[in-house]
Amino acid sequence: MTSADLSPDRSGYWNEYYAASAATKLPLPSQFAAFVAGELQGPTRVIELGCGNGRDSLFFAANGHDVTGVDGSESAVAAAAATAEAHGIRASFLVSSIDDPALPERLGAGTATGPLAVYARFFVHAITDREEEDFLSLAAGLTSPGDLLAVEYRTVRDQTGAKVTGTHYRRFVAPATFQARALGQGFEVSYATEGFGFAKYRQDDAYCARELFTRV
Ligand SMILES: C[S@@+](CC[C@H](N)C(=O)[O-])C[C@H]1O[C@@H](n2cnc3c(N)ncnc32)[C@H](O)[C@@H]1O
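- As annotated in an unreviewed UniProt entry, the protein chain is Methyltransferase domain-containing protein from Pedococcus dokdonensis.

Structure follows, in structure tokens:
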């Protein structure tokens, strides 16, 4: 396994973060994962980008979806794979930076035969502006008309709020800019909202955008 192109600073940061919290106890899924699960129309191939410890990938897999979780942090992916094994959950995990040119092929771009969802929670704000373009281009290459792109991220309005995890790399995102880029990659907005209350965690109540896109 290799952390490919993820910058050494960020890769090292996330490796230490996930190594410190590694446990095979099944983590609770995010509220966003529960919301998206309700939107899926039957068994779906779910590709989670920036899966962290796999909390949401494991949830989708445990609910009958065919899941691959991707993360640039080796320790995050190791934790996710160990939890899957400990709980008998069938899911695949792979280490890759979002901008690795080999990633589309590793994810089987162009080979999906049924519905596919690209899912990314708290990932868009954890990557650079250039990586956001790579992310959307990858999502476009993986999906076919009717497929889903589901994202939740911290917006520019979250910049000043208290953070439980204050040291994470964050780039607060403007929803209008993100949506315009997604449209440029062949997606249309099927649902978009923003506000507080979507991702409350202790004293941190992030101001989030929650968006679903359909591939046209
Ligand atoms: C804030 S965490 C979100 C984790 C998980 N989605 C969740 O909601 O709990 C962001 C994740 O993105 C990963 N990441 C950051 N930059 C990345 C990149 N360029 N390529 C792949 N993964 C990256 C980090 O390793 C980390 O696991």
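## Some points on the overall build of the protein chain
For step 1, the next point in the chain: Helix and strand counts for the protein chain stand at seven helices and nine strands.
For step 2, the next point in the chain: A compact globule built from 216 residues would reach a C-alpha radius of gyration of about 17 Å, and the protein chain, at 16 Å, matches this within 12%.
For step 3, the next point in the chain: In terms of its C-alpha atoms, the protein chain occupies a principal-axis envelope of roughly 40 × 40 × 30 Å.
For step 4, the next point in the chain: Going through the 216 residues of the protein chain one by one, you find that 50% of them count as buried.
For step 5, the next point in the chain: Looking at the protein chain alone, contacts between residues at least 24 apart form 72% of all its contacts between residues at least 6 apart.
For step 6, the next point in the chain: Just so you have it, the protein chain exposes about 9800 Å², and 51% of that area is on carbon and sulfur atoms.
For step 7, the next point in the chain: Side-chain charges in the protein chain split into 18 positive and 26 negative, and the spacing between the mean points of these groups amounts to 6 Å.

## A few points about the UniProt feature "domain: Methyltransferase" (unreviewed entry) in the protein chain
For step 1, the next point in the chain: In the numbering used here, UniProt assigns the "domain: Methyltransferase" (unreviewed entry) feature to residues 46-105.
For step 2, the next point in the chain: The span residues 46-105 is 40% helix and 23% strand, and its two end C-alpha atoms sit 16 Å from each other.

## Considerations on the site of the ligand
For step 1, the next point in the chain: Surveying the vicinity of the ligand reveals 21 residues, the closest of which are Gly50, Asp71, Gly72, Ile98 and Arg121.
For step 2, the next point in the chain: Here an oxygen atom of the ligand sits 3.2 Å away from a polar atom, N or O, in the side chain of Tyr18.
For step 3, the next point in the chain: Ser97 places a side-chain nitrogen or oxygen 3.4 Å from a nitrogen atom of the ligand.
For step 4, the next point in the chain: Here the ligand has 600 Å² of accessible area as a free molecule, and 95% of this is covered by the chains.
For step 5, the next point in the chain: Applying the majority rule of atoms within 2 Å of the grid points places the ligand in the largest pocket.
For step 6, the next point in the chain: A total of three residues in the shell around the ligand trace back to one element, the largest contributor, which is helix H1 (residues 8-20).
For step 7, the next point in the chain: Tallied by class, residues from the shell around the ligand come to nine nonpolar, six polar and six charged.

## Regarding the confidence of the model for the protein chain
For step 1, the next point in the chain: Within the protein chain, residue pLDDT values average 92, and 94% of them lie at 70 or more.
For step 2, the next point in the chain: Long-range and interchain partners of residues 1-5, a stretch whose pLDDT sits below 50, account for 16 contacts in this model, where long-range means more than four residues apart.

## Regarding the pairing of strand E3 (residues 92-95)
For step 1, the next point in the chain: Bridge count between strand E2 (residues 66-71) and E3: four bridges; the pairing is parallel. Bridge assignment links Val70 to a residue of E3, and that residue is Leu94.
For step 2, the next point in the chain: Considered for its hand, the β-α-β crossover made up of E2, helix H4 (residues 74-86) and E3 is right-handed.

## Considerations on the nonpolar core
For step 1, the next point in the chain: Among the nonpolar cores identified, the biggest contains 28 residues, and Leu49, Leu107, Val118, Phe135, Leu149, Val151 and Phe178 are the most heavily contacted of them.
For step 2, the next point in the chain: When residues of this core are traced back to their parent elements, those giving at least two are strand E1 (45-49), strand E4 (116-121), helix H6 (129-142), strand E5 (148-154), helix H7 (175-184) and strand E9 (208-215).
For step 3, the next point in the chain: Element by element, the count of residues in this core is highest for H6, at six residues.
For step 4, the next point in the chain: When neighbours within four sequence positions are excluded, Leu149 is seen to be in contact with Val118, Phe135, Leu136, Ala139, Phe187, Glu211, Leu212 and Phe213.
For step 5, the next point in the chain: Counting 21 residues, the second-largest nonpolar core is a separate cluster that includes Leu58, Ala61, Val67 and Phe93.

## So, H4
For step 1, the next point in the chain: For H4, built from 13 residues, the straight-helix expectation of 18 Å at 1.5 Å per residue is met to within 8% by its first-to-last C-alpha distance of 18 Å.
For step 2, the next point in the chain: Among the residues making up H4, those that are buried are Ser75, Ala76, Val77, Ala79, Ala80, Thr83 and Ala84.
For step 3, the next point in the chain: Taken together, the buried residues of H4 touch H1, helix H3 (55-62), E2 and E3.
For step 4, the next point in the chain: One or two positions beyond H4, positive phi appears at Gly88, with a value near 65 degrees.

Rules used throughout
Numbering of residues starts from 1 in each chain and follows the order in which that chain's sequence is written. For a predicted model such as this one, the threshold for reporting local features is a pLDDT of at least 70, and the threshold for listing and counting side-chain atom pairs is 80 or more; totals across whole chains, interfaces and linings nevertheless cover every residue. Side-chain metrics in this entry use all non-hydrogen atoms of the structure; hydrogen atoms and water are not considered. Strands are runs of DSSP state E lasting at least 2 residues, helices are runs of H or I lasting at least 4, and numbering of each runs from the N terminus. Just to be clear, the radius of gyration here is over C-alpha atoms, and the globule rule we use is 2.2 Å times residues to the power 0.38. Three labels apply to residues, based on accessible area from a 1.4 Å probe with only protein chains included: buried if under 20% of the type maximum, exposed if over 50%, partly exposed otherwise in between. It only takes one pair of heavy atoms within 4.5 Å for two residues to be counted as in contact. Residue burial considers only the protein chains on display, and all accessible areas are found by Shrake-Rupley using a 1.4 Å probe. Counting rule applied: Lys, Arg positive; Asp, Glu negative; His and chain ends not counted. Lysine's charge is taken at NZ, arginine's at CZ, aspartate's at CG and glutamate's at CD. UniProt positions are given in the numbering used here, feature names are shortened, and annotations may be inferred rather than shown by experiment. Nearness is defined per residue: one heavy atom within 4 Å of the molecule or strand is enough. By the criterion applied in these results, polar contacts are pairs of N or O atoms within 3.5 Å in which, for protein atoms, one can donate a hydrogen and the other can accept it, and in which residues neighboring in sequence qualify only through two side-chain atoms. Site definitions follow a grid-based scheme: protein atoms alone, a 1 Å grid, a 1.4 Å probe that fits but cannot get out for cavities, and for pockets an open set with protein on both sides within 12 Å along at least five of seven lines, plus lining residues having an atom within 4 Å of a point. For a cavity or pocket, the test is whether more than half of a molecule's atoms lie within 2 Å of its grid points; if they do, the molecule sits there. Side-chain classes follow a simple rule in which Ala, Val, Leu, Ile, Met, Phe, Trp, Tyr, Cys and Pro form the nonpolar group, Asp, Glu, Lys and Arg form the charged group, and the remainder, Gly included, forms the polar group. Confidence of the prediction at every residue is given by pLDDT, a number between 0 and 100. Pairing between two strands is assigned when DSSP locates at least 2 bridges connecting them. When the strands point away from the viewer and the path from the first strand over the helix to the second turns clockwise, the crossover is right-handed. Nonpolar cores are built from buried Ala, Val, Leu, Ile, Met, Phe, Trp, Tyr and Cys residues. Side-chain atoms within 4.5 Å join them into one set. Helix span, as expected, comes to 1.5 Å for every residue beyond the first.

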